Amino acid sequence: MKGIRYITEGAALLALFVALLLFLLYIPVIGGFLTLALAVPFIVYTVRHGVKRSILFFVVSLLLTLLFGTVVTLPATMVFGISGIVIGYLYQRKKARYSVLLGGTIAFSLAFLLMFVLSSLLMNVNLISEMNNALNQSIDQSVDMMKSLGQTVTDEQVQQLEQTITTFKYLLPLFIVMLGVVCAFFSQLIAASVLKRLKHDIESFPPFRELQLPKSVIWYYLIVLILSFPSFNFEEGSFMFIAILNLAMALQMLVMLQGFSFIFYFSYQKGYSKAIPVVVTILAFILPILLQFVRILGIIDLGFNLRKRIGNVDK
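Procedures and definitions
- Within each chain, residue numbers correspond to sequence positions counted from 1 in written order.
- Totals for whole chains, interfaces and linings use all residues, but because this is a predicted model, local features are given only for residues with pLDDT of at least 70 and pairs of side-chain atoms are given and counted only at 80 or more.
- Side-chain descriptors were evaluated using all non-hydrogen atoms of the structure, hydrogens and water having been removed beforehand.
- The criterion for an aromatic pair is that two Phe, Tyr or Trp rings (for Trp, the six-membered ring) have centres within 6.5 Å, with stacked assigned to planes under 30 degrees apart, edge-to-face to planes over 60 apart and tilted to the rest.
- Here the term buried applies to any residue with accessible area under 20% of the maximum for its type, exposed to any over 50%, and partly exposed to those in between, with areas from a 1.4 Å probe on protein chains only.
- Look at NZ for Lys and CZ for Arg. If either is within 6 Å of the ring centre and within 35 degrees of the ring normal, a charge sits over the ring.
- Nine residue types can take part in a nonpolar core, namely buried Ala, Val, Leu, Ile, Met, Phe, Trp, Tyr and Cys, and a core is a set of them joined through side-chain atoms within 4.5 Å.
- Put simply, DSSP H or I for four residues or longer makes a helix, DSSP E for two residues or longer makes a strand, and each gets a number counted from the N terminus.
- Here, two residues are considered to be in contact whenever any of their heavy atoms come within 4.5 Å of each other.
- When a carboxyl oxygen of Asp or Glu lies within 4 Å of a side-chain nitrogen of Lys or Arg, that pair is called a salt bridge.
- Counting rule applied: Lys, Arg positive; Asp, Glu negative; His and chain ends not counted.
- Every axis corresponds to a line fitted to the C-alpha atoms, with the helix fit spanning only the stretch in contact, and the corresponding angles, defined between N-to-C directions, vary from 0 to 180 degrees.
- With respect to orientation, any angle under 35 degrees is reported as roughly parallel, any angle over 145 as roughly antiparallel, any angle of 65 to 115 as roughly perpendicular, and every other angle as oblique.
- Crossings are sorted by hand: turned counterclockwise from the far helix by less than a right angle, the near helix makes the crossing left-handed, and turned clockwise it makes it right-handed.
- Three residue categories are used. Nonpolar comprises Ala, Val, Leu, Ile, Met, Phe, Trp, Tyr, Cys and Pro, charged comprises Asp, Glu, Lys and Arg, and polar comprises the others, including Gly.

Going by the annotation in an unreviewed UniProt entry, the name recorded for the protein is YybS family protein, with Priestia flexa given as the source organism.

Here's what the structure looks like:
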């Protein structure tokens, strides 16, 4: 009976996966949103039937991708299949939600890197080179558009555009990780609701106000900040230059996240309306000065544990 169940459930989940894949191929507008659910069949199947059977499930999904899709969609199946199995395994081991999110982010990030390599080897498509060409074309198009509108384009403006594009290229590793975070978060969110309906005990995400990064983050932030000083003079484009740039941006985002979490915590402790921290968050992304303040708040909270001090004052 158990053997029949894992086969029937596998067939149903594979049918769901193929349907999502067809939406992605033939109805891109809807498929773009449904892409975030591609990992869900793999997550659910792994939780219910284990990793060993999920590997067979994954192999069959690759064959179905070639049958109903194209070679181009094969990397997508690999990315979401591998990452889905990892997330499902972490759920099966009863890991905390943030641990699942971290594991899923790492899995997605590595899978995206694997996709870059396989695209280059199997389809002779260098995605990084293609991206560089597209970005260079965007500079030319921007310059042409400004000229067509009667605006004078100076060499300094062109250099600023080129510098922006160059920085974007250097930050590609960070963008891959951010994409991994987004895919892992929504895959986990959708899968959790499905698994709860199937009577699985899935831990809910703790409230955002309870998010506390390790104190070590502040030391990493300070070290990277010192290394980014001009006195170190790392050659632009070198490994160290790109590594420091990506780490600095990533740590700034983490500190900023800590700052927003503190604002939600402070508002909750004071009994303010839930709308207040939401409005502050929206305004922070509109007003750069406010965003700087949030980042400083995050640093202070990490370094001096403001939450504990607020708790003591309230008592």
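More follows now that the structure is in view.
**Q** For this particular structure, what's the right way to read the packing of aromatic side chains?
**A** Aromatic ring pairs are defined here through the distance separating the ring centres and the angle between the ring planes. For the structure shown, the criterion picks out 14 aromatic pairs. Ring centres 5.3 Å apart and planes at 85 degrees place the aromatic pair F42 and F57 in the edge-to-face group. You'll find F42 and F57 in the same group, each marked buried. An aromatic cluster of at least three residues, connected via ring pairs, comprises F17, F42, Y45, F57 and F58. One Lys or Arg, R209, reaches over the ring of Y268 and ends 3.6 Å from the middle of that ring.

**Q** Is there a simple way to think about the nonpolar core in this case?
**A** Note on soluble globular proteins: their nonpolar side chains tend to be buried together. Grouped together as the largest cluster of nonpolar side chains are 39 residues, with contacts concentrated most on I43, F80, Y91, F108 and L195. Going through the elements one at a time, α1 (2-26), α3 (40-68), α4 (74-92), α5 (97-122) and α8 (172-197) are the ones with two or more residues in this core. Per-element accounting of this core gives the leading share, ten residues, to α3. Excluding anything up to four places from it in sequence, I43 contacts G84, I87, G88, Y91, S187, A191 and L195.

**Q** When you look at the pattern of salt bridges in this model, what are you seeing that I'm missing?
**A** Where charged atoms from two side chains of opposite charge approach closely, those side chains can pair. In total, this model carries two salt bridges according to the counting rule given. Among the salt bridges present, the one from R307 reaches D301, with a minimum N-O distance of 2.9 Å.

**Q** Looking at this structure, how should I read the side chain of R97?
**A** Take R97: it is sitting in helix α5. Put simply, R97 is tucked away with no salt bridge, and the nearest opposite charge, on E203, sits 7.2 Å away. Once you skip the residues sitting within four places of it in the chain, R97 turns out to touch Y91, Q188, L189, A192, I202, E203, S204 and F205.

**Q** I'm lost on the packing of helix α9 (residues 216-227) against helix α10 (residues 239-270) in this one. Help?
**A** For any two helices packed against each other, the geometry comes down to the angle between their axes and how far apart the axes lie. Put simply, α9 and α10 touch, their axes get as near as 9 Å, and they point 140 degrees apart. Judged on the interaxial angle alone, α10 and α9 are oblique. Pair α9 / α10 crosses with left-handed handedness. Each of V217, Y220, Y221, V224 and L227 in α9 lies in contact with α10, whose residues at this interface are I244, L247, A248, L251, Q252 and V255. A per-class count over the contact of α9 with α10 returns ten nonpolar, one polar and no charged.

**Q** Sorry if this is basic, but what is going on with the environment of A96 here?
**A** For A96, the location among the structural elements is in the loop between α4 and α5. Distance in space between the C-alpha atoms of A96 and I202 is 9.1 Å, their sequence separation being 106 residues.

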